[in-house]
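Summary of the model geometry
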Amino acid sequence: MSEIYDLVVIGAGSGGVRAARMSAATGAKVVIIENRYMGGTCVNVGCVPKKLFFYASELRNHLHDAEGFGLFNTLDRFSWETLRDNKSNEIKRLNSIYENILEAPGVEIIRAKGRILAPDTVLADGRELKTKRILVATGGWPFKPNIPGIEHTIDSNDVFSLPEFPQTVVVVGGGYIASEFAGILSGLGAKTTLIYRGDLILRGFDNEIRQYITKQMTGKGINIMTDIDVKEVRLLEDGRRQCVLDNGSTIDADLVMYATGRKANTEGLGLEDLGVELNKDGSIHVDACFKTNINNVYALGDVIGTPALTPIALEQGMVFVDQQFGEDQRDMDYSLIPTAIFTQPPIGTVGLSEEDAVKENPNDVDIYCSEFRPLKHTMSQSKERSFMKLVVRRSDNRVLGAHMVGDHSSEIIQTLAIALRLGATKTDFDRTIAVHPTAAEEFVTMRNVSRSH
């Protein structure tokens, strides 16, 4: 009789790796199956390389800002090859680290495509693996619409390995990936146009923040076109691309990048044959214990349609392990998720937007805002400004949301998320001594209500 695993994990991304190694640490017999790269989207074509490119794109502005402080330098040459290859070397290092952290507690690694044959059987590399539990953690994959010429475009996976850097770029989309890469490519020197079919980028975030970052990005030279869409992409004789817009106009560019969303990566897993229930968007439907409608088959991470954030997948992995191999039967809490968007300048946000707060608490919301020129830019001569906002429930003075556009907003919002998680009130903020001079002190010095609802 063949050996029986306690857990077979399909997908070695953030959630899958966390679930596999922590399950193995409890003494469970675990195997993980991965046919692409260790670490999933985040390590290879997501958070990590994107943040490295973001750092690179900021440096051009830093060189310009330095002149106001008497430090003079010039950007003589930008080597895309150096940035791209150094990034790739760092990713290879991280891939090996992920292998090590799996092997340390005894997780078996199979480099192959996994397919579920039955609720207790997974086929991988010619082997039929018998198991008590199957966990699908295959993440998401970029989605591009089926329009004429879409084969002449790239997606957010492709951008990290371009053979050469473009001089002109069209980015299609209005979410955080599109907005981030518009800033990155522009910051690295490409003339960049962002095309979005909606009326305002970053749908789902606080409207005031959306409007503010649009002005900041436009001020940095990014051409943002809204309420318009691309209906065709043509390959020109000189190798450039031509975007035909739905208003009849055209835009030519060296590169067209689509960042129009991601879909659950479920193809070829055998879910349809097994009868696994899917949501309308193609993600896997699960309950609070990550269980599908099929016994012994579970799923977590981006593939189940919850917020597509690495820390969410990591926490889901921990909750899954606690539920299956521990004594803690807790469920996931999706409230108060801190989020950073690495636009230029970056955005940090946690809690309710002004719109959602008013909807949930009618006639009971106060808004505090602060908009200013950061101290650094009083000498750098940069026109970049910062904006901060607190959303407060008037009846109990509780802070429901905090939002920021400006340098270090991702770092600042992480700390504020702790305060909101602990139920901090506006009075708690007011009584907190400020660190001066900093941008963060604005969050504890806003005294006047900007508006009430």
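What you see is a predicted model; the values in this text were computed from it and never measured.

**Observations concerning empty space enclosed by the protein**
Counting across every chain of the model gives one cavity of 30 Å³ or more. Lining the largest cavity are Pro142, Phe143, Asp155, Ser156, Ile177, Tyr258, Ala259, Thr260, Gly261 and Arg262. A per-class count over the lining of the largest cavity returns five nonpolar, three polar and two charged.

**With respect to the pairing of strand 16 (residues 250-253)**
Side chains Ile251 and Ala253 project from strand 16 onto a buried face, and the interleaved Thr250 and Asp252 project onto a face without burial. Here strand 15 (residues 241-245) pairs with strand 16 via four bridges, running antiparallel. Following the sheet pairing, valine 244 is matched in strand 16 by threonine 250. Taking the residues between adjacent antiparallel strands as the criterion, strand 15 and strand 16 are bridged by four residues, where glycine 248 takes a positive phi near 95°.

**Quick look at the packing of aromatic side chains**
Inspection of every chain in the model, using the stated rule, returns nine aromatic pairs. Measuring from ring centre to ring centre gives 6.4 Å for phenylalanine 54 and tyrosine 55, while their planes differ by 50°; the resulting arrangement is tilted. Ring geometry for phenylalanine 160 against phenylalanine 181: centres 5.6 Å apart, planes inclined by 70°, an arrangement best described as edge-to-face. Here phenylalanine 160, found in the loop between strand 10 (154-155) and strand 11 (168-172), pairs with phenylalanine 181, found in helix 5 (residues 176-187); they are 21 residues apart in sequence, far enough to count as distant. In this pair, the class of phenylalanine 160 matches that of phenylalanine 181, namely buried. An aromatic cluster of three or more residues is present, and its members are Phe53, Phe78, Trp80, Phe160, Phe165 and Phe181.

**Focus on the pairing of strand 5 (residues 114-118)**
Here strand 5 pairs with strand 6 (residues 121-124) via four bridges, running antiparallel. Looking at the pairing, alanine 118 lines up with threonine 121 of strand 6. Between the antiparallel neighbours strand 5 and strand 6 lie two residues.

**Structural notes on the packing of helix 1 (residues 14-25) against helix 8 (residues 310-325)**
The geometry of helix 1 relative to helix 8 is characterised by a closest axis approach of 8 Å and an angle of 30° between their N-to-C directions. The orientation of helix 1 relative to helix 8 falls into the category roughly parallel. As for the relative orientation of helix 1 and helix 8, their crossing is right-handed in sense. From helix 1, Ser14, Gly15, Arg18, Ala19, Met22 and Ser23 reach across to helix 8, where they touch Thr310, Ala313, Leu314, Gly317, Met318, Phe320, Val321 and Phe325. In terms of residue class, the contact of helix 1 with helix 8 is built from eight nonpolar, five polar and one charged.

**Some remarks on a nonpolar patch on the surface**
Taken together, the side chains of Phe69, Leu71 and Met379 define a hydrophobic patch exposed on the protein surface, amounting to about 300 Å² of accessible area. In this fold, leucine 71 is placed in the loop between helix 3 (47-66) and helix 4 (80-103).

**Considering the nonpolar core**
Ile116, Ile284 and Phe320 are the most contacted members of the largest nonpolar core, which totals 52 residues. Apart from residues lying up to four places away in sequence, isoleucine 116 is in contact with Ile10, Thr121, Val122, Ile134, Val136, Leu269, Gly270, Leu271, Leu274 and Val297. Within the second largest apolar cluster, 39 residues are counted, among which are Phe181, Ala182, Ala190 and Ile222.

**Topic: the pattern of salt bridges**
Scanning the entire structure with this criterion turns up 26 salt bridges. With its nearest N and O atoms 2.9 Å apart, the salt bridge here joins glutamate 180 to lysine 50. Linking glutamate 180 in helix 5 with lysine 50 in helix 3, this pair joins segments that are 130 residues apart in sequence. Exposure class is identical for glutamate 180 and lysine 50. Each is buried. A network of salt bridges, in which partner residues are shared, links Asp206, Glu208, Glu354, Lys389 and Arg451.

Thresholds applied
- Residues numbered from 1 in each chain as written.
- Predicted model: local features only at pLDDT ≥ 70, side-chain atom pairs only at ≥ 80, totals over all residues.
- Heavy atoms only, no water.
- 1 Å grid on protein atoms, 1.4 Å probe; cavity = no way out; pocket = protein on both sides within 12 Å on 5 of 7 lines; lining within 4 Å.
- Points joined across faces, edges and corners; volume = space filled by probe spheres on them.
- Nonpolar A, V, L, I, M, F, W, Y, C, P; charged D, E, K, R; others polar.
- Buried < 20%, exposed > 50% of the residue type's maximum accessible area, 1.4 Å probe, protein only.
- Helix = DSSP H or I, 4+ residues; strand = E, 2+ residues; numbered from the N terminus.
- Pairing = 2+ DSSP bridges.
- Phe/Tyr/Trp six-rings, centres within 6.5 Å; stacked < 30°, edge-to-face > 60°.
- Axes fitted to C-alpha atoms, helices over the stretch in contact; angles between N-to-C directions.
- Parallel < 35°, antiparallel > 145°, perpendicular 65-115°, else oblique.
- Left-handed = near helix turned anticlockwise from the far one by under 90°.
- Contact = heavy atoms within 4.5 Å.
- Patch = residues over 30% accessible without salt bridge, like charges linked within 9 Å, V, L, I, M, F, W, Y side chains within 5 Å.
- Areas by Shrake-Rupley, 256 points an atom, 1.4 Å probe, with all protein chains shown as cover.
- Salt bridge = Lys/Arg side-chain N within 4 Å of Asp/Glu carboxyl O.
- Core = buried A, V, L, I, M, F, W, Y, C linked by side-chain atoms within 4.5 Å.

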